[in-house]
Amino acid sequence: MQAAIPFPDLSNEIFSVEFFGITLALRWYALAYLVGLLAGWWAIRALMRRPALWPDGQAPMEPGKVEDLLTAIIIGVILGGRLGFVLFYQPGFYLANPAEIVKVWEGGMSFHGGFLGVVAAGLWFCRRHAVPPLQLSDAMALVAPIGLFLGRLANFVNAELWGRPTTLPWGVIFPGEAAQTCTGFLPGDCARHPSQLYEAGLEGLLLGAVLVLLLRNGALRRPGLITGIFLLGYGLSRFAVEFVRQADHQFITPDNPMGYALHAGGIGLSMGQLLSLPMILAGLWFWRRARA
């Protein structure tokens, strides 16, 4: 019998209360969003209070404006994440059932869509408050790994977005019929890559540590450098983990068992990899521009 790690006895709800016949629950994923946004708000305020970190010894905006930025980011994350999922992953279903688009509470958010939503919100904020876009982008990139780390941990607790089947000893036996439907494995024996934890380590801890190291070495005085390293680091991390992450079910067919979004001759790329390629290219461009 293969070595594997049983999934811990975790609930996706922290607590729930009944209110006039309606059950209100606080879930780990919602808490991850909340804590990530608040931690990002606190960190950006702290950065704005240290003008010596910035070009010419001047922070790009007053610390009091960060509250308005937080509001814009929340809207961008929710709208972008949901619309990204609709357009990138299940456009046919939502075109036929448009009323389902607003049901965010039933799940279905895309990181790449949320990222585009945050970009749009940031650009709007910069134009409204006359803030240099690259400097604000660097500040936001610095704090993004906090939310990525917490979000991937919440994915693990929710037993979702797991990896492909594996015989490695750190494979996790995730609960549920979908997780246990593995070709070549006996029922109850199917262990999968804990790809959520891989991403938490790469996109959260490692990338965050690299950005903090750059910060300590004066990277904010070179606008766009931290933005470029974040885009490059996230894109490469996500691209690599996609090789062991279970493909989205809507792409898996008898002729395409690996669930590639683009494939030919038995090889291909997942949707996550396709969406990460522009981030990698953009990251390289920002990096080279900042170093010029």
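Quick notes on the rules
Residue positions are given per chain, counting from 1 as you read along its sequence in written order. Local features in this predicted model are restricted to residues of pLDDT 70 or higher, and side-chain atom pairs are both shown and tallied only at a pLDDT of 80 or more, whereas totals for entire chains, interfaces and linings draw on every residue. Side-chain figures throughout are based on the complete set of non-hydrogen atoms in the structure, without hydrogens or water. Criterion for a disulfide: a pair of cysteine sulfur atoms at a distance within 2.5 Å. Burial classes: relative accessible area under 20% of the type maximum marks a residue as buried, over 50% as exposed, and values in between as partly exposed (1.4 Å probe, protein chains only). For patches, a residue must show more than 30% relative accessible area and have no salt bridge; joins then use 9 Å for like charges and 5 Å for nonpolar side chains, namely Val, Leu, Ile, Met, Phe, Trp and Tyr. A 1.4 Å probe and the Shrake-Rupley method give the accessible areas. Residues count as covered only by the protein chains that appear here. By salt bridge we mean one thing: a side-chain nitrogen of Lys or Arg within 4 Å of a carboxyl oxygen of Asp or Glu. Under the DSSP-based scheme used, a helix requires at least four consecutive residues in state H or I and a strand at least two consecutive residues in state E, with every element numbered from the N terminus. Note on method: axes are straight lines fitted to C-alpha atoms, helices fitted across the in-contact stretch only, with angles between N-to-C directions ranging 0 to 180 degrees. In what follows, roughly perpendicular refers to angles from 65 to 115 degrees, roughly parallel to angles under 35, roughly antiparallel to angles over 145, and oblique to any angle outside these ranges. When the near helix sits turned anticlockwise from the far one by under a right angle, the crossing is termed left-handed; a clockwise turn instead gives a right-handed crossing. In this description, contact between two residues means that some pair of their heavy atoms is separated by no more than 4.5 Å. Residues are grouped as follows: nonpolar covers Ala, Val, Leu, Ile, Met, Phe, Trp, Tyr, Cys and Pro; charged covers Asp, Glu, Lys and Arg; every other residue, Gly included, is treated as polar. Centres within 6.5 Å make a pair out of two Phe, Tyr or Trp rings, where for Trp the six-membered ring is used; the pair is then stacked when the planes are under 30 degrees apart, edge-to-face when over 60, and tilted otherwise. As used in this record, nonpolar core signifies buried Ala, Val, Leu, Ile, Met, Phe, Trp, Tyr and Cys residues forming a set joined through side-chain atoms within 4.5 Å. Counting of polar contacts relies on pairs of N or O atoms within 3.5 Å, with two restrictions inside protein: one atom must be capable of donating a hydrogen and the other of accepting it, and residues adjacent in sequence are counted only when both atoms are side-chain atoms.

**Regarding the state of the cysteines**
The tally for this structure, following the rule as stated, stands at one disulfide. Two residues, C182 and C190, share a disulfide whose sulfurs are 1.8 Å apart. As the torsion about the S-S bond is roughly -70 degrees, the C182-C190 disulfide counts as left-handed. For C182, a relative accessible area of 8% puts it in the buried group.

**Structural notes on a nonpolar patch on the surface**
A grouping of I14, F15, V17 and W28 is seen on the molecular surface, where their side chains present a nonpolar patch of about 350 Å² in accessible area. Here the nonpolar patch takes three residues from strand β2 (residues 13-19), the largest share from any one element. Within the secondary structure layout, W28 lies in helix α1 (residues 28-48).

**With respect to the packing of helix α4 (residues 111-129) against helix α7 (residues 225-241)**
Contact geometry for α4 and α7: axes closest at 13 Å, N-to-C directions at 170 degrees. Between α4 and α7, the interaxial angle falls into the category roughly antiparallel. Here the hand of the crossing between α4 and α7 comes out left-handed. In contact with F111, H112 and F115 of α4, α7 contributes F230, L231, Y234 and R238. Residues that form the contact of α4 with α7 fall into these classes: five nonpolar, one polar and one charged.

**Brief notes about the packing of aromatic side chains**
Applying the stated criterion to the full structure yields 13 aromatic pairs. Taking the centre distance of 5.4 Å and the plane angle of 50 degrees together, the rings of F7 and F156 count as tilted. Residue F7 is found in the loop between β1 (5-6) and β2, and its partner F156 is found in helix α5 (residues 133-157); the two are separated by 149 residues along the sequence. Comparing F7 with F156, the two get one shared label, buried.

**Describing the nonpolar core**
Within the largest apolar cluster, 38 residues are counted, with the highest numbers of intra-cluster contacts made by I44 and M61. Listed by contribution, the elements that provide at least two residues to this core are α1, α2 (66-88), α4, α5, α6 (195-216), α7 and α8 (271-291). The element that contributes the greatest number of residues to this core is α5, accounting for eight residues. Ignoring any residue separated from it by four or fewer positions in sequence, one finds M61 in contact with I44, M48, V66, L69, F125, V131 and L136.

**Let's talk about unusual backbone geometry**
With a phi close to 55 degrees, A159 is a non-glycine residue in the positive phi region. Among the secondary structure elements, A159 is positioned in the loop between α5 and β4 (172-173). For L161, which is not glycine, the phi torsion reads 55 degrees and is therefore positive. Assessed through its relative accessible area of 34%, L161 is described here as partly exposed.

**A look at the pattern of salt bridges**
In a structure, side chains of opposite charge can pair up when their charged atoms sit close to one another. In the structure shown here, the tally under the stated rule is six salt bridges. A salt bridge links R238 to E242, with the nearest nitrogen and oxygen atoms 2.8 Å apart. Relative accessible area serves as the criterion here: at 8%, E242 is assigned to the buried category. When salt bridges with common partners are traced through the structure, they connect R152, E199, E203, R238, E242 and R245 into a single cluster.

**A few points about the environment of R164**
Within the fold, R164 resides in the loop between α5 and β4. Note: C-alpha distance between R164 and A264 (100 residues apart in sequence) is 21 Å. If sequence neighbours within four positions are ignored, R164 has contacts with A191, R192, H193, E242, F243, V244, R245, Q246, A247 and M258. Of note is the side chain of R164, whose polar atom sits 3.3 Å from the backbone oxygen of M258.

**Let's talk about the packing of α6 against α7**
One way to put it is that α6 packs onto α7 with a least axis distance of 10 Å and a crossing angle of 160 degrees. With respect to their mutual orientation, α6 and α7 come out roughly antiparallel. The two elements α6 and α7 meet at a crossing, and its hand is right-handed. Of the residues in α7, those in contact with S195, Y198, E199, L202, E203, L207, V210, L211 and L214 of α6 are I226, I229, F230, G233, Y234, S237, R238 and V241. Tallied by class, the residues present in the contact of α6 with α7 amount to eleven nonpolar, three polar and three charged.

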